[in-house]
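Here's the letter readout for the chains.
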Amino acid sequence: MAQKIKSFVVKVFKMNGFTLRSEGSAFLTEVLAPINEIEREDFIDKLLESIQKQNLESDIIERDVLELAVKDCGTHEEDSGQTFSVIDAFEVPKFIYSKERKKFLREKVIKKLETLFIGFQDFPPVCFVFCGSFCSQPYGLSHRTNLEDGLKALAKVLKRFPSILAQSKMVFVPSPEDYGLGQILPRPAIPDVATDEFCAKVPNAIFASNPCRIQYCTQEMIIYRDDIVKKMCKNSIRGPTTDINEQFVKSVLSQGHLSPLPIHINPVYWSHDHALSLYPVPDVIVFSDRHTEPFDITQIDCKCLNPGSFSSGDYCFKVYYPASRTVDDSKIED
């Protein structure tokens, strides 16, 4: 019974874009065990609503976040009879503006990237691919300034690795939240006005569109940055019954399109819809989805990868070897 509850909880959280730590799933299993099945689903809905209101730094949910959400749900249940209240103006909590949350790639991420470059400096790869969002907090009047400041910091780090600067391409694929026109696919590259200075310091930098295609020797690779799995789960007629990632890959390849969703969910420029086509099937597709656990799935001779989120996913990344068509799971330890 406990294992059934745990599996159900992990699946529901995954479909909502969250990853549960093992101790978190064990805690929730213990909390939900005394509740009957019907009330259990309602409680999980309230729990997810409470979690989404919290100031989360990551999509990975720790036990302390769950404990706070469970406590919040219990408080709401006790106060459920209160439908009207008056809040005094002097008791309203202040909103605090945090400049730290607006920073590009956060200081710790820059340090982790430096560690990554140290590991590759003796044998520079052909290409590094970075997928957005490139600012911790999207939008706002200072968005472009924050992006430029962050790129300056990255260029400063790269200067210490001349072999990488000389031999490796740096491809930047934007997310919908990055600076520029981002809400319709395909999304143009980040405007030159924000990247010219960086490109002058890093000549091998390429600011690409989303999605973009990389041709390496005889192999074609597609890089696509979108939280597409969550969107497809939310808009599916029937939810996935087995492995979500495997069914996602099968659905996308079967449809022959990177975004097999209604136009009001994922808008597409009709005149450029062919850019999202998967016919003929490429050799590699990288689905850069920050809400989904990393995966490496091969179907119809197409290798489909999700590296996961670097900044909020324990600094994990994937290394692809075109010659053998193999993938290494890598992680930068603390």
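Residues numbered from 1 in each chain as written. Predicted model: local features only at pLDDT ≥ 70, side-chain atom pairs only at ≥ 80, totals over all residues. Heavy atoms only, no water.

**Q** Could you give an account of the packing of aromatic side chains, naming the residues involved and the relevant values?
**A** A full pass over the atoms with the stated rule returns 13 aromatic pairs. Between F172 and F198, the ring centres sit 5.6 Å apart and the planes meet at 90°, which makes this aromatic pair edge-to-face. Residue F172 is located in strand β4 (residues 169–173), and its partner F198 is located in helix α8 (residues 192–201); the two are separated by 26 residues in the primary sequence. Note on F198: relative accessible area 3%, which makes it buried. (Phe/Tyr/Trp six-rings, centres within 6.5 Å; stacked < 30°, edge-to-face > 60°. Helix = DSSP H or I, 4+ residues; strand = E, 2+ residues; numbered from the N terminus. Buried < 20%, exposed > 50% of the residue type's maximum accessible area, 1.4 Å probe, protein only.)

**Q** Could you give an account of the state of the cysteines, naming the residues involved and the relevant values?
**A** One pass over the full model with this rule turns up zero disulfides. In this structure C304 is not part of a disulfide, and its nearest cysteine sulfur, from C302, lies 3.9 Å away. Accessibility expressed as a relative area gives 0% for C304, which makes it buried. (Disulfide = S-S within 2.5 Å.)

**Q** For helix α10 (residues 244–255), give the residues involved together with the corresponding values.
**A** Helix length check: α10 (twelve residues) gives 16 Å between terminal C-alpha atoms against 16 Å at 1.5 Å per residue, within 8%. Within the sequence span of α10, burial applies to I244, N245, F248, V249, V252 and L253. Considered in projection along α10, the buried side chains sweep an arc of 155° and stay on one side of the axis. Among the exposed residues of α10, those oriented more than 90 degrees off its buried face are K250, S254 and Q255. Just beyond α10, the residue with positive phi is G256, at close to 70°. (Expected span 1.5 Å × (residues − 1). Arc of directions from axis to C-beta.)

**Q** How would you explain unusual backbone geometry if you had to name every residue and give the values?
**A** With an omega dihedral of 0°, the bond running from N210 to P211 counts as a cis peptide bond. Cis geometry marks the peptide bond from Y279 to P280; its omega dihedral reads -5°. Relative to the elements of secondary structure, P280 occurs in the loop between α10 and β8 (284–288). With a phi angle near 45°, I300 is a residue other than glycine that sits in the positive phi range. The residue I300 is located in the loop between β9 (295–299) and β10 (302–306) in this model. Judged by relative accessible area, I300 falls into the exposed class, the value being 61%. Of note, the phi angle at R325 is positive, near 55°, even though the residue is not glycine. Among the structural elements, R325 can be located in the loop between β11 (316–321) and β12 (326–331).

**Q** Run through the nonpolar core, naming residues and quoting values.
**A** The nonpolar side chains of a soluble globular protein tend to be buried, and buried together. If you look at the biggest cluster of nonpolar residues, it comprises 32 residues, and the most contacted ones within it are F117, L158, M170, F172 and F198. When contributions to this core are tallied by element, the ones reaching two or more residues are α5 (107–120), β3 (127–131), α6 (143–158), α7 (162–167), β4, α8, β5 (205–207) and β11. Top contributing element to this core by residue count: α6, with six residues. The next biggest cluster of nonpolar side chains, apart from the first, holds 24 residues, and it includes L185, M232, L276 and C302. (Core = buried A, V, L, I, M, F, W, Y, C linked by side-chain atoms within 4.5 Å.)

**Q** Tell me what's going on with the packing of helix α2 (residues 22–32) against helix α3 (residues 37–53), and back it up with residues and numbers.
**A** Where α2 meets α3, the closest approach of the two axes is 11 Å, and the angle between their N-to-C directions is 135°. Judged on the interaxial angle alone, α3 and α2 are oblique. You can see that α2 and α3 cross each other, and the crossing is right-handed. The residues of α3 that touch α2, namely those facing L28, V31 and L32, are R40, F43, I44 and L47. (Axes fitted to C-alpha atoms, helices over the stretch in contact; angles between N-to-C directions. Parallel < 35°, antiparallel > 145°, perpendicular 65-115°, else oblique. Left-handed = near helix turned anticlockwise from the far one by under 90°. Contact = heavy atoms within 4.5 Å.)

**Q** Mind laying out the confidence of the model for the chain, listing which residues take part and the relevant values?
**A** Counting all residues, the mean pLDDT for the chain is 85, and 90% of those residues have values of 70 or more. For residues 75–85, every residue scores under 50 in pLDDT, and the model assigns this stretch two contacts once sequence neighbours within four places are set aside. (pLDDT = per-residue confidence, 0-100.)

**Q** Residues and numbers for the packing of helix α1 (residues 2–15) against α3, please.
**A** At their nearest, the axes of α1 and α3 sit 12 Å apart, and the two run at 40° to each other. Here α1 lies oblique to α3, going by the angle between them. As α1 runs across α3, the sense of the crossing is right-handed. Packed against α1, whose contacting residues are I5, F8, V9, V12 and F13, the element α3 presents R40, E41, I44, L47, L48 and I51 at the interface. The class makeup of the residues in the contact of α1 with α3 is nine nonpolar, no polar and two charged. (Nonpolar A, V, L, I, M, F, W, Y, C, P; charged D, E, K, R; others polar.)

**Q** How would you explain the environment of S175 if you had to name every residue and give the values?
**A** Along the polypeptide, S175 turns up in the loop between β4 and α8. Placed 44 residues apart in sequence, S175 and C131 show a C-alpha to C-alpha distance of 6.9 Å. Engagement of the side chain of S175 in a polar contact is seen with the side chain of S133, the distance being 2.8 Å. (Polar contact = N/O pair within 3.5 Å; in protein donor to acceptor, adjacent residues only side chain to side chain.)

**Q** Go over the pairing of β11 with me, naming the residues and quoting the values.
**A** Relative to β12, β11 is paired through six bridges, and the arrangement is antiparallel. Bridge pairing links V319 to D328 in β12. Hairpin connection, β11 to β12: the antiparallel pair is bridged by four residues, and R325 has positive phi, about 55°. (Pairing = 2+ DSSP bridges.)

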